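Okay, here's what each chain looks like letter by letter:
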Amino acid sequence: MYAKVLAIGEFRGLWLGGLLSRAGSQLARVALAVLAYERSGSAAVTTLVYAMTFVPALVGGPALGWLADRYPRREVTIACDVIRTVLIGAVALPGLPLPALCALVFASQLLDSPSRAARISLTPDVLPRELYQTGVAVHQLSDQVVTLLGFAGGGIVVALVGADTAILINAATFAAAAMLTLATVARRPAAAGKQPISLLGGLRLVAGHRALRSLLGLAMLSGFHVIPEAIAVPYAASFGLGTAEAGLLMAALPAGNVIGVFVLSRFLSEARRMALMAPMAVAASVPLVASAADPGYVPLLLLWTVCGVLTGYNVAANAEYVRIAPTQSRGQAVGLASSGMVAAQGLGILLGGLLVEAAGPEHGLAIAGAAGLVAGVPVLLAWNRATRSGPRDQPQNSSL
């Protein structure tokens, strides 16, 4: 199935373009942190610049996702990559004031939302129905691998060539992604045509569609599942261990997710994946609750890996969410979901930090896991009601 998906030229272009863009962004995060510290000598300024690479995702989806519906999606992706090439290239200009650097980084990351929404929205158009979920799995697997390797690889590249050159490499990845999309993806008309588009259209669409609403709820449970990554350092310290062991703990979740996505997409049918999706979303919090038993470092590493495996449910949830969203509103729906997941994960990390501070690593994580179970059961029941109520497909000619 993977070979069949990658044999389709349009999908291969979309996938490689997105991979280039993401790899460049991971490199840029490291380089920008180094560049900000070199120019300011301030840890606070460095943290601010680094935050600028994440914060725009909260507002970019709802505010700019509609671009992927109003205009041809291939052209939206290309335009965003070209503009980001210029913006990130300007960051490397010598003597650039830090406020200007922050503004350029913010603008570049803001454009990631419509570009990502357009790529995701194009995926059901370039793949046949029977290969669609496998295509989503390819995207998710490669994203996790880039995340796992990006920071270490980014640090090595910055050490070898310097922060300014690494920024220019990032700009080159955006330019290459634009050319690849132009060369491989066919032009299609704008999905929304001339019908009016509201900035709140994505919110109204999801709120009024039972299946979309439930799928978004399942995806946002990741706010609980991401907590271990945020508390890995204090947790390792509670065992008297150092940063190397903390790094292994942080890697357990994404490594487990890679395993889960591969197993689900490679060995289970689509019907089986859909049946297991909601139970897995709830069960992913169980390994977190088990930390209350204070199991020790190695068992904890295994528990967090199991949690990551169970979060592989997102490949089915994401694929089904995009598939059933109306074609002419898909960009808005995807933008809203992307921002919702970023917000949920940010709040989850904040919650995890507060709980660990108040109750200690093992009990704080167990409380967070219990909260994930409590939040997950109503979402599971809502999804079951949505699947029993009839076909999940939204009529493709519906309007907002």
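Model, not experiment: these values are computed from the prediction. (Residues numbered from 1 in each chain as written. Predicted model: local features only at pLDDT ≥ 70, side-chain atom pairs only at ≥ 80, totals over all residues. Heavy atoms only, no water.)

If you check helix α18 (residues 297-310), its first and last C-alpha atoms are 20 Å apart, about what 14 residues at 1.5 Å a residue would give, namely 20 Å. Its buried side turned inward, α18 meets α13 (222-225), α14 (227-238), α15 (243-267), α16 (270-283), α17 (286-289) and α21 (361-388). (Helix = DSSP H or I, 4+ residues; strand = E, 2+ residues; numbered from the N terminus. Expected span 1.5 Å × (residues − 1). Contact = heavy atoms within 4.5 Å.)

Taken as a whole, this structure holds eleven salt bridges when the rule is applied. Residue Arg74 is joined to Glu75 by a salt bridge in which the shortest nitrogen-to-oxygen separation is 2.8 Å. Connected via shared salt-bridge partners are Arg22, Arg116 and Asp143. (Salt bridge = Lys/Arg side-chain N within 4 Å of Asp/Glu carboxyl O.)

Let's shift gears to the packing of aromatic side chains. Tallied over the full model, the rule gives four aromatic pairs. Each ring, one from Tyr235 and one from Phe239, has its centre 5.7 Å from the other, and the planes form 20°; the classification is stacked. By relative accessible area, which is 0% here, Tyr235 ends up buried. Taking 5.7 Å as the distance between ring centres and 80° as the angle between the ring planes, the aromatic pair formed by Tyr235 and Trp304 counts as edge-to-face. Of this pair, Tyr235 sits in helix α14 while Trp304 is found in helix α18, placing the two residues 69 residues apart along the sequence. For the pair formed by Tyr235 and Trp304, the shared burial category is buried. Counting every residue linked through ring pairs, the aromatic cluster contains Tyr235, Phe239, Tyr297 and Trp304. (Phe/Tyr/Trp six-rings, centres within 6.5 Å; stacked < 30°, edge-to-face > 60°. Buried < 20%, exposed > 50% of the residue type's maximum accessible area, 1.4 Å probe, protein only.)

The terminal C-alpha atoms of α21, which comprises 28 residues, lie 40 Å apart, in line with the 40 Å expected from a rise of 1.5 Å per residue. Bending of α21 peaks at approximately 25° at the position of Gly376, with proline Pro378 no more than four residues after it. (Bend = angle between axes of the 7 residues up to and from the residue.)

Often, the extent of an interface is quoted as the loss of accessible area upon association of its parts. Once the domains are mapped, the protein chain shows domain 1 (1-194) and domain 2 (197-389). A C-alpha centroid distance of 23 Å is found between domain 1 and domain 2. Contact residues are listed per partner, giving 28 residues for domain 1 and 33 residues for domain 2. Summing both partners gives a buried area of about 2,800 Å² for domain 1 against domain 2, and 63% of it is carried by carbon and sulfur. Applying the counting criterion to the domain 1 and domain 2 interface returns two salt bridges. Here Arg330 makes a salt bridge to Asp125, at a shortest N to O gap of 3.7 Å. Linking domain 1 with domain 2 are nine residue pairs in polar contact (both at pLDDT 80 or more), by the criterion used here. For the side of domain 1 that touches domain 2, the elements supplying multiple residues, two or more each, are α4 (56-64), α5 (67-70), α8 (112-126) and α9 (132-161). No other element matches the eight residues that α9 contributes to the side of domain 1 that touches domain 2. Considering only residue class, the side of domain 1 that touches domain 2 consists of 17 nonpolar, six polar and five charged. (Domains from an automatic or database assignment. Buried area = accessible area lost by both parts, 1.4 Å probe. Polar contact = N/O pair within 3.5 Å; in protein donor to acceptor, adjacent residues only side chain to side chain. Nonpolar A, V, L, I, M, F, W, Y, C, P; charged D, E, K, R; others polar.)

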